[in-house]
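Here's the letter readout for the chains.
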Amino acid sequence: MNLRIGENIRRLRRERNLTQEEVAAHLGISFQSVSKWERCDGYPDITMLPALAHYFGVSVDVLIGMDQMAKAEKYDEVNRLWKENNRRGRHQENVVLMRDSLRTFPNDGLLLVQLSTSLEKLDGTKEEKAKYLRESIALQEQILRYGEDSQVRSATQYNICFSYWKNGEQKKALEQAGKLPNLYKARENALVFFLEGEERHETAKAALEPLAWSAELHLSILAEALGKPAYLEKAREIRRLLLGHGEEDSAGPVQERRQNEPRDEKRG
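Parameters and conventions
Residues numbered from 1 in each chain as written. Predicted model: local features only at pLDDT ≥ 70, side-chain atom pairs only at ≥ 80, totals over all residues. Heavy atoms only, no water. Helix = DSSP H or I, 4+ residues; strand = E, 2+ residues; numbered from the N terminus. pLDDT = per-residue confidence, 0-100. Contact = heavy atoms within 4.5 Å. Phe/Tyr/Trp six-rings, centres within 6.5 Å; stacked < 30°, edge-to-face > 60°. Buried < 20%, exposed > 50% of the residue type's maximum accessible area, 1.4 Å probe, protein only. Salt bridge = Lys/Arg side-chain N within 4 Å of Asp/Glu carboxyl O.

### Considerations on unusual backbone geometry
- Even without a glycine there, the phi angle at Cys40 is positive, about 65°.
- Tracing the sequence through the fold places Cys40 in the loop between helix 3 (31-38) and helix 4 (49-56).
- Here the phi dihedral of Asn107 falls at roughly 65°; this positive angle occurs in a residue that is not glycine.

### Describing the confidence of the model for the protein
- When pLDDT is averaged along the protein, the result is 86; 90% of the residues meet or exceed 70.
- The secondary-structure element of the protein with the lowest mean pLDDT is helix 15 (residues 252-260), recorded at 41, while helix 8 (residues 109-120) shows the highest, at 96.
- Predicted confidence is poor over residues 246-268, with pLDDT under 50, and the contacts of this stretch with residues over four places away or in other chains come to 24 contacts.

### A closer look at the packing of aromatic side chains
- Applying the stated criterion across every chain, the model contains 3 aromatic pairs.
- When the ring of Tyr55 is compared with that of Phe56, the centres are 5.3 Å apart and the planes differ by 55°; the resulting orientation is tilted.
- Given the relative accessible area of 2%, Phe56 is considered buried.
- Aromatic pair Tyr75 and Phe105: ring centres 5.1 Å apart, planes at 75°, arrangement edge-to-face. Of the two residues, Tyr75 is situated in helix 6 (residues 66-88) and Phe105 in the loop between helix 7 (91-104) and helix 8; the sequence distance between them amounts to 30 residues.
- Using a relative accessible area of 11% as the deciding quantity, one classes Phe105 as buried.

### Describing the side chain of Thr203
- Considering the arrangement of structural elements, one finds Thr203 in helix 13 (residues 197-226).
- Assessed through its relative accessible area of 14%, Thr203 is described here as buried.
- Dropping the residues within four chain positions of it, Thr203 is found in contact with Glu188, Leu191, Val192 and Leu195.

### Remarks on the pattern of salt bridges
- Within the structure shown, the criterion is met by 17 salt bridges.
- Here Lys172 and Glu169 are joined by a salt bridge, their closest N and O atoms 3.3 Å apart.
- Measuring nitrogen to oxygen at the nearest pair gives 3.0 Å for the salt bridge that ties Arg240 to Glu233.
- Since its relative accessible area comes to 33%, Glu233 is described here as partly exposed.
- Each of Arg11, Glu15 and Arg16 takes part in a single network of salt bridges with overlapping partners.

Right, dumping it as structure tokens:
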């Protein structure tokens, strides 16, 4: 159990503009003890918790972080359910799940991403799908305006390109795509310079899958554009070289792109 007493004492003290000396004086202890708690080098004696909680005007559960641990467990369960529903194609259930969860975790970036993703996967009439898409775009724009999590923002910057395109906003899609980092400036390309040992090895290994995906994607486009099927065989060779297996192990990005890429409705 990860008790959060120290960081909660620090947060509550600062919210009330109190010094460590003032908290210590109220409890009849040294300020070094309070400092030690806030550094998470130790915990207050259990008999002192009610006095501390009363002093800050909170419950003992809030002081020790029980409410925070309960929220963290609920958050993890929500995300587990979303993944399970998504795997089973239960997108309507995920929309309801995310809407309910955002009441408990308002403006949470990951939940907003998952809601927008689920909305775009909903079935319905052409008008209904257009409505879901517009709501998804509004959610993604909200993340980009106010979101602070860099990974969530990065994923959203990529995803919204395709949402704009599907919504007929080609100019916005191109503008947003042009802002994305190129392959050279990827996270993994920087990390492998600074990591060591097994961690460096695992990072390099993890980078190969998206690299193979990217190579196969672009070679498949060249094969279509130039009418050269040989490019597809090159893509399979790259996959085998980088990942140690061929297309029999995975649908691969070529098939995935054909299923998910924006389509011109006039062409069908």
